[in-house]
Amino acid sequence: MKLKTPQTPAKPRQASIGKSTATEKPSRLRHRVDGGYARGDETRRRIIEAAIRLFGERGFEGTSTRGIAQQAGVNAPALQYYFDNKEGLYRACAEHIANNAVAHFSPALDRAQAALDTNADRDTLIEIFGLIQDTTADHLFASNDIQDKRLFVAHEQAGHGPGILIDIMDQGLRARMTQVCATLIARITGVPADDPLTLLRMTTLHGQLMIFHFIPKSALSALKWRDGIDAERLALLKRTVREQTRILMNAWSAQSALPL
């Protein structure tokens, strides 16, 4: 009986590297999640900045994605790649503005909260409130792109946009700012933080600076600062607002200490 010689198993076929057979179809390239399309923070930021500028100038309805792409120096499909659609880009703009504001104000608000937590004295609390006002002034006047952001916000407040930024700010930074500032005034004056009088006082104190935000041309014209606010004028404005705030807060504190 002859024994059959065992056959060597066939070697598995190895796919060739870097080559394709005539019957194989090349796979379609897709962009990576973390790359592709020259994707990066710089490109995304450039698109957002261009969009904020155009949304501020023309409103949501009057702004086209083609115009934004042209301003940003990218092709139109790039906007869809990054943001899906115009609404997605608008939301990204709103989040960008809100995140920058949070980063700007957080150090001052953190310091204020620390002073409240340690039961700091009245003079310290007044000084901290003045720091928040200085931070607000810097935000309004020391930012290069504040005009674009101001117009973006103005369109939202006029109802010319989706209202996304207002919602984000109301639920985030604005809520925290109100809580901290009202509590500071309450500690200084002895009137509860949720009392209408405290909230009115807070609003009027902020109004010393916000007038330059909402009606800048009129406010600057009254001061004969038609060419804008430079570093020297900003310093004068901050000193004046701090002085007025200190006078008012000391008067409110003395008033609440009077016997009924």
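Residues numbered from 1 in each chain as written. Predicted model: local features only at pLDDT ≥ 70, side-chain atom pairs only at ≥ 80, totals over all residues. Heavy atoms only, no water.

Is there a simple way to explain the environment of isoleucine 166 in this structure?
Examined against the element boundaries, isoleucine 166 turns out to sit in helix H7 (residues 164-171). The spatial distance from the C-alpha of isoleucine 166 to the C-alpha of glutamate 156 is 7.2 Å, given a sequence separation of ten residues. Setting aside anything within four residues of it in sequence, one finds isoleucine 166 in contact with Glu156, Gln157 and Arg174. (Helix = DSSP H or I, 4+ residues; strand = E, 2+ residues; numbered from the N terminus. Contact = heavy atoms within 4.5 Å.)

What is the right way to look at a nonpolar patch on the surface in this model?
A surface patch of nonpolar side chains, about 270 Å² in accessible area, is lined by Ile211, Phe214 and Ile215. The residue isoleucine 215 is located in the loop between helix H9 (196-214) and helix H10 (216-222) in this model. Residue class for isoleucine 215 comes out partly exposed when judged on its relative accessible area of 43%. (Patch = residues over 30% accessible without salt bridge, like charges linked within 9 Å, V, L, I, M, F, W, Y side chains within 5 Å. Areas by Shrake-Rupley, 256 points an atom, 1.4 Å probe, with all protein chains shown as cover. Salt bridge = Lys/Arg side-chain N within 4 Å of Asp/Glu carboxyl O. Buried < 20%, exposed > 50% of the residue type's maximum accessible area, 1.4 Å probe, protein only.)

How should the layout of surface pockets be read in this particular structure?
One water molecule sets the probe size; rolling that probe over the atoms shows where empty space is left. Roughly 760 Å³ of internal volume is contained in the largest pocket. As for the largest pocket, its lining consists of 26 residues, of which Met169, Arg174, Met210, His213 and Phe214 are closest to the centre. Sorting the residues of the lining of the largest pocket by element identifies helix H4 (86-117), helix H5 (122-141), helix H6 (146-157), H7, helix H8 (173-189) and H9 as the ones contributing at least two each. Ranked by residues supplied to the lining of the largest pocket, first place goes to H9 with eight residues. The class makeup of the residues in the lining of the largest pocket is 15 nonpolar, eight polar and three charged. There is about 180 Å³ of room inside the second largest pocket. Along the walls of the second largest pocket sit Gln147, Arg150, Leu151, Val153, Ala154, Gln157, His213, Phe214, Pro216 and Lys217, which together make up its complete lining. Of the residues in the lining of the second largest pocket, the class split is five nonpolar, three polar and two charged. (1 Å grid on protein atoms, 1.4 Å probe; cavity = no way out; pocket = protein on both sides within 12 Å on 5 of 7 lines; lining within 4 Å. Points joined across faces, edges and corners; volume = space filled by probe spheres on them. Nonpolar A, V, L, I, M, F, W, Y, C, P; charged D, E, K, R; others polar.)

Would you take a moment to explain the pattern of salt bridges for this structure?
Side chains that differ in sign of charge can pair as their charged atoms come close. Scanning the entire structure with this criterion turns up ten salt bridges. Taking the shortest distance from any N to any O, the salt bridge between arginine 45 and glutamate 42 comes out at 2.6 Å. In this pair, arginine 45 and glutamate 42 both sit in helix H1 (residues 41-58), three residues apart, roughly one turn of the helix. Of the residues examined, arginine 45 reaches a relative accessible area of 33% and is grouped as partly exposed.

Just to check I follow, could you spell out H7 for this structure?
Working note: α-helix, 3.6 residues per turn, so residues spaced by three or four point in the same direction. Those residues of H7 that sit buried are Ile164, Leu165 and Met169. Down the axis of H7, the buried side of the element spans an arc of 125°, and every buried residue falls inside it. Against H4, H6 and H8 lie the buried residues of H7. (Arc of directions from axis to C-beta.)

When you look at H6 in this model, what are you seeing that I'm missing?
Look at H6: 16 Å from first C-alpha to last across twelve residues, which is about the 16 Å you get at 1.5 Å a residue. For H6, the secondary structure elements touched by its buried residues are H1, H4, H5, H7, H9 and H10. Where H6 ends, the next residue or the one after it, glycine 159, has phi of about 80°, a positive value. (Expected span 1.5 Å × (residues − 1).)

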